[in-house]
Amino acid sequence: MDDEDEILAEAVGALGGRLSRLVALRLPKNVHEITLTLPLPPARARARVSAVLDRQGRRVPADRSAPAGRRSTMRVLTGGGAWNMNPVLVTAVLTAGEGEDTTVVLLRAAAKEGLIKQRAGERTAKRLAELLTD
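Residues numbered from 1 in each chain as written. Predicted model: local features only at pLDDT ≥ 70, side-chain atom pairs only at ≥ 80, totals over all residues. Heavy atoms only, no water.

(A) Main features of the sheet that holds strand S4 (residues 86-96). Pairing in this open sheet of five strands is antiparallel, and the strands run S1-S5-S4-S3-S2 from one edge to the other. Each edge of the open sheet is held by one strand with a lone partner, namely strand S1 (29-38) and strand S2 (58-59). With nine bridges connecting them, S4 and strand S5 (residues 103-112) associate as antiparallel partners. Bridging from a neighbouring strand, Leu-94 pairs with Val-105 of S5. This element, helix H1 (residues 4-16), spans S1, strand S3 (71-80), S4 and S5 of the sheet and lies at about 145° to S4. (Pairing = 2+ DSSP bridges. Helix = DSSP H or I, 4+ residues; strand = E, 2+ residues; numbered from the N terminus. Contact = heavy atoms within 4.5 Å. Axes fitted to C-alpha atoms, helices over the stretch in contact; angles between N-to-C directions.)

Shown next, in the form of structure tokens:
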């Protein structure tokens, strides 16, 4: 996820200005990954994940270095932490499962973490995993 830092820094900068963008580039990230197996064929799983992500925030172009083929990648920038003010970049990578009726989804949520640890990436990943499995 090469461009995560840049996307998150731009989002922080949009909230706090150019200096906050520069500071955000140097902040550590809170990253959490969850792997889910959805009992849906890839096309239906892609539609479900897309619908859930679209309700959470705005789409961000997927990383172009990600391999294509049997995989599809979606990204969204959403809010997390206190009052949902901390930008969180969520990446969902969908891969066809072993059977025709399953799809494996890797959810990765990353957020910049300041002095006050909000664990926005971890909490957002768990929230989205719950929405996808309901």
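Let us keep going from here.
(B) Spatial organisation of the environment of Arg-127. With respect to the element layout, Arg-127 can be found in helix H4 (residues 120-133). Between the C-alpha atom of Arg-127 and that of Gly-81, which follows or precedes it by 46 residues, the distance is 12 Å. When neighbours within four sequence positions are excluded, Arg-127 is seen to be in contact with Gln-56, Thr-78 and Gly-79.

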